[in-house]
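The chain contents come next:
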Amino acid sequence: MYSVTADGHVRNPLFRMELHILSHRLHLMSILKENIDLFTHHLIKLALLQANKSCKFFSFTETTMGYTLIVDEDGIKELPQKEELQKQGSRWVVLSASSGPSEISGLTEITKSVIIPLANNNLSIMSLSTYQTDYILVKEENLHHVVRCLCPHFRVFHDVNGEMVPYKVDTLIEDQADPPIIERLPDGVCRSIVHPLASPQNRFLITSLQIDLLPQVISTLLQIMFYSSSFLPNPQDGHERFFSISIIEDKISLVLDTDALALFPSGILGTGTEEECWKMVKIGAGPLGFEESGIVAQISEPLAEADIHMYYISTFLHDHTLIPEVDIDRALSLLQSRQCIQ
C-alpha cells in the first residue's frame, strides 16, 4: 500500500499529495454564555494581546448555545482551571493536506482524500476551516490508525523542530490488533445523513485580517466576542448567533454575519462584500458528541460530489458548514435527499 525508503520513511511515489501532521496538540473546551465573564480577561490576553506569543493555535466560536475554544498546550496554561470550563478529554492532532508547494484547494479535495477514508474506517474527526486553510483534527490516541488509513493516498510528513520531515515507517508497524483498512463502502451503500439540519437566515462572510492591523480592531472584537448581546441586534426569527475567529501561526481568520461586519472599519478586513456571502447549514439538534464517526463525511461527501464549495466548522455541541449563497438551495435539496434520521 505504501513504499519504504532505505532510511525507513513512508513514501508513496504514486501520489504527489502530502499529508502534514502539525506539531500542535490541541484541547477542546466549552463555556456557557452565563460563565464567559469568568474567562474574559484570560481570553483577551490569549487572543488579542500580541505580547503573548506562546499560543500558536487559538480558535474561538460563539453560537447560540455557548462558546467553543480550541487551543494548544501553551494556550490552555493561560486559562484558569475552573469547573465552568468544560473540557473534552482527548488531545487532538492537527492534519493539513497539500499538493506540494500549495495547499489542496478547498474542502472538496480534502473530503475525497482525507474525510471519506477516515469515515470508512470509523475514525471520528473534527473539521476547522479557516480563510487560509482547512484543518482536520483527530484524536491523538487514533493517530496510528489515521496514518495507516491515509498512507495509500499521501506522502506523510510530520513537524520536527519546525521542519516537515517524512514520517518514519517504524511508527506504523502493524499490530495483530490493528483493524483492517476499509478502502470504500460496499457497493450500493449510501452514507446517509442521520442528524437534523437547519439553515438560519443570516448571511455570512469568511474573511481575514492582517496581524499588524489587530490593534485597530481590538475594541470591535471585544464587543463581538464577549458582549454580542449588547452590541449586535438580537437574532430575529430564523437567525442564529454565530461568530468564529481563529488565530493560527499569526494568521487571522473570521467568520461573521453581516450585522457583525458592520461594526468593523470599512476596508480593514481582507475581503467582505455582500457579493461574497455564504449561508450556513447547522448539523444536529442536540450535542453530537465526540465518538460518532462520519458526521463530517455525511455532509461533505454529497457536496463534494456536486462540486459545491464549502467550509466546515465543528464546535463542542454542533457542526456547521458554510455554502456560497448562490448554491444554498441546491445544497439543501441535495442534503435533505440523503437524510435518514433515526
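Just so it is clear, the structure is predicted and the values come from calculations on it, not from any experiment.

Within the structure shown, the criterion is met by four cavities of 30 Å³ or more. Empty space within the largest cavity amounts to approximately 180 Å³. What lines the largest cavity is a set of 23 residues, among which Ile-125, Met-126, Glu-292, Ile-295 and Asp-319 lie closest to the centre. For the lining of the largest cavity, the elements supplying multiple residues, two or more each, are α3 (106-120), β9 (125-129) and α8 (295-305).

For the rest of this paragraph, the subject is the pattern of salt bridges. One pass over the full model with this rule turns up 13 salt bridges. In this structure, Lys-77 engages Asp-74 in a salt bridge whose closest nitrogen and oxygen atoms are separated by 3.9 Å. With Lys-77 and Asp-74 both in helix α2 (residues 73-77), this residue pair falls three residues apart, about one helical turn. Residue Asp-74 is classed as partly exposed on the basis of its relative accessible area of 32%. If you follow the salt bridges from partner to partner, you end up with Arg-25, Glu-73, Arg-91 and Glu-140 in one network.

Attention shifts here to the layout of surface pockets. The volume enclosed by the largest pocket comes to roughly 320 Å³. Lining the largest pocket are 17 residues, with Leu-22, His-24, Tyr-135, Ile-248 and Glu-249 sitting closest to its centre. Broken down by secondary-structure element, the contributors of at least two residues to the lining of the largest pocket are β3 (18-31), β15 (242-248) and β16 (251-257). Per-element tally for the lining of the largest pocket: the top contributor is β3, with four residues.

Moving on to the nonpolar core. When a protein is soluble and globular, its nonpolar side chains tend to lie buried together. Leu-95, Leu-118 and Val-138 are the most contacted members of the largest nonpolar core, which totals 42 residues. Contributions of two or more residues to this core are made by β3, β7 (92-99), α3, β10 (134-139), α4 (143-150), β17 (278-283), α8 and α9 (328-337). If sequence neighbours within four positions are ignored, Leu-95 has contacts with Leu-19, His-20, Ile-21, Asp-134, Tyr-135, Ile-136, Val-138, Leu-143, Val-146 and Leu-150. Formed by 38 residues, the second largest nonpolar core is a distinct cluster that contains Leu-209, Ile-224, Ile-252 and Leu-269.

Quick look at the packing of aromatic side chains now. If you walk through the whole model with that rule in mind, you get seven aromatic pairs. Plain terms: the ring middles of Phe-60 and Phe-226 are 5.7 Å apart, the flat faces sit at 70 degrees to each other, and that makes the pair edge-to-face. Taken as a pair, Phe-60 in strand β4 (residues 57-63) and Phe-226 in helix α5 (residues 214-226) lie far apart in primary sequence, 166 residues in all. We classify Phe-60 as buried; its relative accessible area is 0%. Taking the centre distance of 5.1 Å and the plane angle of 70 degrees together, the rings of Phe-290 and Phe-316 count as edge-to-face. A residue pair is termed long-range when its members are at least 10 positions apart, and Phe-290 in the loop between β17 and α8 and Phe-316 in the loop between β18 (311-314) and β19 (319-324) qualify at 26 residues.

For the rest of this paragraph, the subject is the side chain of Asp-134. Mapped onto the fold, Asp-134 is located in strand β10. Buried and unpaired, Asp-134 has no salt bridge, with Lys-251 as the nearest side chain of opposite charge at 13 Å. A distance of 2.5 Å separates a polar atom in the side chain of Asp-134 from a polar atom in the side chain of Ser-129.

Before going further, it helps to spend a moment on the pairing of β17. Of all the six residues making up β17, six are buried; the element is thus mostly covered by neighbouring parts of the structure. Burial along β17 is two-sided: Trp-278, Met-280 and Lys-282 and Lys-279, Val-281 and Ile-283, pointing in opposite directions, are all buried. Both strand β13 (residues 197-198) and β17 contribute to a ladder of two bridges, which runs antiparallel. Among the inter-strand pairings, Leu-197 is bridged to a residue of β17, identified as Ile-283. Relative to β19, β17 runs antiparallel, the two being bridged by six bridges. Across the sheet, Trp-278 pairs through a bridge with Pro-324, a residue of β19.

The next thing to look at is the environment of Ser-293. Its place among the elements puts Ser-293 in the loop between β17 and α8. C-alpha separation for the pair Ser-293 and Leu-123, spaced 170 residues apart in sequence, amounts to 5.4 Å. Sequence-distant contacts of Ser-293, defined by excluding residues within four places in its chain, comprise Ala-119, Asn-122, Leu-123, Ser-124 and Gln-298.

Attention shifts here to the packing of helix α1 (residues 40-47) against α5. Between α1 and α5, the shortest axis-to-axis distance is 12 Å and the interhelical angle comes to 145 degrees. Like other packed secondary-structure pairs, α1 and α5 cross with a definite hand, here right-handed. Note on element contacts: α5 touches α1 through Leu-214, Leu-222 and Phe-226, opposite Thr-40, Leu-43, Ile-44 and Ala-47. Residues belonging to the contact of α1 with α5 are distributed by class as follows: six nonpolar, one polar and no charged.

Each value, and the rule that gives it
- Residues numbered from 1 in each chain as written.
- Predicted model: local features only at pLDDT ≥ 70, side-chain atom pairs only at ≥ 80, totals over all residues.
- Heavy atoms only, no water.
- 1 Å grid on protein atoms, 1.4 Å probe; cavity = no way out; pocket = protein on both sides within 12 Å on 5 of 7 lines; lining within 4 Å.
- Points joined across faces, edges and corners; volume = space filled by probe spheres on them.
- Helix = DSSP H or I, 4+ residues; strand = E, 2+ residues; numbered from the N terminus.
- Salt bridge = Lys/Arg side-chain N within 4 Å of Asp/Glu carboxyl O.
- Buried < 20%, exposed > 50% of the residue type's maximum accessible area, 1.4 Å probe, protein only.
- Core = buried A, V, L, I, M, F, W, Y, C linked by side-chain atoms within 4.5 Å.
- Contact = heavy atoms within 4.5 Å.
- Phe/Tyr/Trp six-rings, centres within 6.5 Å; stacked < 30°, edge-to-face > 60°.
- Lys, Arg positive; Asp, Glu negative; His and termini not counted.
- Polar contact = N/O pair within 3.5 Å; in protein donor to acceptor, adjacent residues only side chain to side chain.
- Pairing = 2+ DSSP bridges.
- Axes fitted to C-alpha atoms, helices over the stretch in contact; angles between N-to-C directions.
- Left-handed = near helix turned anticlockwise from the far one by under 90°.
- Nonpolar A, V, L, I, M, F, W, Y, C, P; charged D, E, K, R; others polar.

All we've got here are geometric facts, nothing functional implied.
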